[in-house]
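Coordinates in review
Listed here are the chains, written in short residue letters.
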Amino acid sequence: MSEAQTSKMAVSDETVIKIHKMHKWYGSFHVLKDINLDVKRGERIVVCGPSGSGKSTMIRCINRLEEHQQGDIIVDGVELTNDLKNIDAIRREVGMVFQHFNLFPHLTILENLSLAPIWVKREPRKQAEETAMRYLERVKIPEQALKYPGQLSGGQQQRVAIARSLCMNPRIMLFDEPTSALDPEMIKEVLDVMIELAEEGRTMICVTHEMGFAKTVANRVIFMDGGEIIEQNEPNEFFDNPQHERTQLFLSQILAH
Amino acid sequence: MESVEQKRNIISTLWNDKEKRAVIIQIFSIAGLFALVWFMIGNAISNLDALGKGFSFDFLFQPASYDINQHLISYTSRDTHLRATIIGIMNTAMIAVAGIILATVVGFTLGVLRLSKNFLINRIVYIYIEYIRNVPVLLHILLVHGVVVHSLPNPKAAMTFNDSFFLTKRGFFMPSPDFESAMTVVWIALAIGIAFTFWFRRYAKRVQDETGKIFPVFLISFGAVVIFPVLVYFLAGSPITWEIPVLKGFNFKGGMVVRPEFLALWLALSLYTAAFIAEIVRAGIIAVSHGQTEAAYALGLRPGRTTQLIVIPQALRVIVPPLTSQYLNLTKNSSLAIAIGYMDIVATIGGISLNQTGREMECMIIVLALYLIFSLSISSVMNWYNKRIKLVER
């Protein structure tokens, strides 16, 4: 199938994210333990695991929405430290889509999309709005441009949120359970957009429970439990032949019904 | 028999129809309200008759024959009750405006500090707020007045700054400005600065829309409105002469004075209201979900811009309606001025004038009407503002 081809196609040897011996604590609670992860340019990674296993926390460390206390994270050659310039540079390269969309309710869809290009990239409004319209067309809701987020359905809002990230043209996209807050019939429309993105060869890390999505687009599936990476493998191998018993248990639970 | 049953049916159908029931209830309510007002007016007329009093506002044009220590426009005891009332209105307006400004500044500052991650700052502000808002405002007024009147030094031992500002138990004495003719140039500079700022904000927006360039709008506005007129002031040879208060006999003469009653009332009312405003501001900021700032950060916006573009517009929508109530409270609480002898509306027309003329009905109607006007003006301005920031949403 073509999916199998795309998954082998765009991956290069260049490492864009390097996480090395990273630890994180909330107070005395050790949330992330010795995380090591190398992501190649163009790779699509799906992270799964039971709730509370540190999946979201891990990807939120990549754009510094959470601070790690030990180890290194290097994104696109820039090391994440307390240096605000580095954080700015990394956030410009890394887009994020949240579980609860987090659109700005006081701005129209078009303003939501053009805000960051105008204030961060200092683009002229006209240019920013043209880019915004282009991405709105790609997520198939250009007719909603002048509405407010509250007037859209959940699936539409999430597609807007994806378009909003894309407007900054990030090299890396992080998805934090993008479909978990959606009704079943809306999940498909969001996944379709994400699959299209994957086919373009953009680097993606996606925390999700959508195993179908993982099988279709991922080059690699990572299983986390208790703040550790337990197992990682390419999808067919991961689903057909899980090595670790915690992985087996998890898969049997979510694939059972 | 038949007709009775039919009638019953009509009544019960009317009563059980949602819309018709609403109309019936409204008719009865209006009738009841009119009856009550009719009764009260009749009652007032008959009682005034029994006392041999008429109903007339003529007394307003008779001499008031009492003194008022703080008056913005000239006033002597030979002036009329009407003029005394106007002095009262000005004094109430002055305390309300000065109070609202100080309460807003202190309240917003405390509200933001209350959210500080610094444990010490956040605890101190918390204790301040809890202390202030759990003690009745009248006690605060009496306490501050007591401190000002009893603890501050006599004029002879005045606390002084630079020998031109003097803090005493008789008030806070300051130099008063005397404008020379060259001052016109400075006023013109100020007007130009303000006009420039209005123009510049539009210009900066247009340039940003067209080219993406972002100007430091705040700094440039500040320069135009503050720094430019100050420079012109010095270039024009400092065209203000200051009349410095001088100790003559038992008190200071010349200059300007903030009277102890005003000082006490102003500080007590503002600091009291500020505690409530601080909680409103804190609630408004917290009401903007954390996800909003995270989304802005993830897009690469800096914390300052995030506050300006994402947090403040959303927080204001939560803050403004209860803030309006606090402004109204402050204005109405200013009537407690009478406890320390500050001559506001209640102390003049609602107090001494009322006692001297015996025109309770008329005086109270005037007092009520005046407070109503004050309150309605404040709330209409705030509602206008609220609508303006709300329009942005939907």
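The text that follows walks through the structure, step by step, so that each part is easy to find.

1. Description of the packing of aromatic side chains
- In the structure shown here, the tally under the stated rule is 19 aromatic pairs over all chains.
- Between Phe-196 of chain B and Trp-199 of chain B, the ring centres sit 5.8 Å apart and the planes meet at 45 degrees, which makes this aromatic pair tilted. You can see Phe-196 of chain B and its partner Trp-199 of chain B sitting in helix α6 (residues 183-211), three residues apart, about one turn around the helix.
- On the basis of relative accessible area, Trp-199 of chain B is assigned to the partly exposed category, the value being 48%.
- When the ring of Phe-196 of chain B is compared with that of Phe-200 of chain B, the centres are 5.6 Å apart and the planes differ by 15 degrees; the resulting orientation is stacked. Of this pair, Phe-196 of chain B and Phe-200 of chain B both sit in helix α6, four residues apart, which is roughly one turn of the helix.
- A residue is classified by how much of its surface remains accessible, and Phe-196 of chain B, at 33% relative accessible area, is partly exposed.
- Overall, the relative accessible area of 6% leaves Phe-200 of chain B in the buried class.
- Ring pairs connect the aromatic residues Phe-196, Trp-199, Phe-200, Tyr-203 and Phe-215 of chain B, which therefore count as one cluster.
- Over the ring of Phe-239 of chain A we find Lys-215 of chain A, and its NZ or CZ is 5.1 Å from the ring centre.

2. Some points on the nonpolar core
Residue and element names in this part refer to chain A.
- In terms of nonpolar packing, the biggest core is built from 46 residues, with Ile-162, Phe-175 and Met-194 touching the most fellow members.
- Of all the elements, helix α7 (residues 184-199) adds the most residues to this core, at eight residues.
- Excluding residues that lie within four positions of it along the chain, Ile-162 makes contacts with Val-97, Met-173, Phe-175, Val-190, Val-193, Met-194 and Leu-197.

3. Thoughts on the side chain of His-106 of chain A
- Here His-106 of chain A lies in the loop between β6 (94-97) and α4 (109-119).
- Looking at His-106 of chain A, the relative accessible area reads 3%, which means it is buried.
- A distance of 2.9 Å separates the side chain of His-106 of chain A from the backbone oxygen of Leu-309 of chain B, its partner in a polar contact.
- Only 3.4 Å separates the side chain of His-106 of chain A from the side chain of Gln-314 of chain B, close enough to count as a polar contact.

4. Focus on the packing of helix α3 (residues 81-114) of chain B against helix α10 (residues 303-333) of chain B
All names here are of chain B.
- Contact geometry for α3 and α10: axes closest at 10 Å, N-to-C directions at 135 degrees. Relative to α10, the element α3 is oriented oblique. Remark: the crossing between α3 and α10 carries right-handed chirality. Across from Ile-95, Ala-96, Gly-99, Ile-100, Ala-103, Thr-104 and Phe-108 in α3, the residues of α10 making contact are Ile-319, Leu-323, Tyr-327, Leu-330 and Thr-331.
- Per-class residue counts for the contact of α3 with α10 are nine nonpolar, three polar and no charged.

5. Looking at the interface of chain A and chain B
- Each side of the interface is counted separately: chain A has 29 residues, and chain B has 29 residues.
- Taking both sides of the interface into account, the surface hidden between chain A and chain B amounts to around 2,700 Å²; carbon and sulfur atoms contribute 57%.
- Considering only the surface of chain A that becomes buried against chain B, Arg-91, His-106 and Trp-119 of chain A emerge as the three largest contributors, covering 26% of it.
- On the surface where chain A and chain B come into contact, there are three salt bridges.
- Two residues, Arg-125 of chain A and Asp-209 of chain B, come together in a salt bridge whose shortest N-O distance is 2.6 Å.
- Our enumeration of links across chain A and chain B arrives at seven residue pairs in polar contact (both at pLDDT 80 or more).
- Those elements that provide at least two residues to the side of chain A that touches chain B are α3 (84-93), β6, α4, α5 (125-138) and α6 (154-166) of chain A.
- Element by element, the count of residues in the side of chain A that touches chain B is highest for α4 of chain A, at four residues.
- Taken together, the residues of the side of chain A that touches chain B sort by class into 15 nonpolar, five polar and nine charged.

6. What about the sheet that holds strand β8 (residues 256-258) of chain B?
Residue and element names in this part refer to chain B.
- Read from one edge of the open sheet, four strands run β1-β2-β3-β8, paired in antiparallel fashion. Here the strands that pair on one side only, and so sit at the sheet edges, are β1 (159-161) and β8. Strand-to-strand twist in this sheet, taken as the mean axis angle between neighbours without regard to direction, amounts to 15 degrees.
- When strand β3 (residues 171-174) meets β8, the two strands line up antiparallel, connected through three bridges.

How each quantity is defined
Residues numbered from 1 in each chain as written. Chains lettered and ligands numbered in written order. Predicted model: local features only at pLDDT ≥ 70, side-chain atom pairs only at ≥ 80, totals over all residues. Heavy atoms only, no water. Phe/Tyr/Trp six-rings, centres within 6.5 Å; stacked < 30°, edge-to-face > 60°. Helix = DSSP H or I, 4+ residues; strand = E, 2+ residues; numbered from the N terminus. Buried < 20%, exposed > 50% of the residue type's maximum accessible area, 1.4 Å probe, protein only. Lys NZ or Arg CZ within 6 Å of the ring centre and 35° of its normal. Core = buried A, V, L, I, M, F, W, Y, C linked by side-chain atoms within 4.5 Å. Contact = heavy atoms within 4.5 Å. Polar contact = N/O pair within 3.5 Å; in protein donor to acceptor, adjacent residues only side chain to side chain. Axes fitted to C-alpha atoms, helices over the stretch in contact; angles between N-to-C directions. Parallel < 35°, antiparallel > 145°, perpendicular 65-115°, else oblique. Left-handed = near helix turned anticlockwise from the far one by under 90°. Nonpolar A, V, L, I, M, F, W, Y, C, P; charged D, E, K, R; others polar. Buried area = accessible area lost by both parts, 1.4 Å probe. Salt bridge = Lys/Arg side-chain N within 4 Å of Asp/Glu carboxyl O. Pairing = 2+ DSSP bridges.

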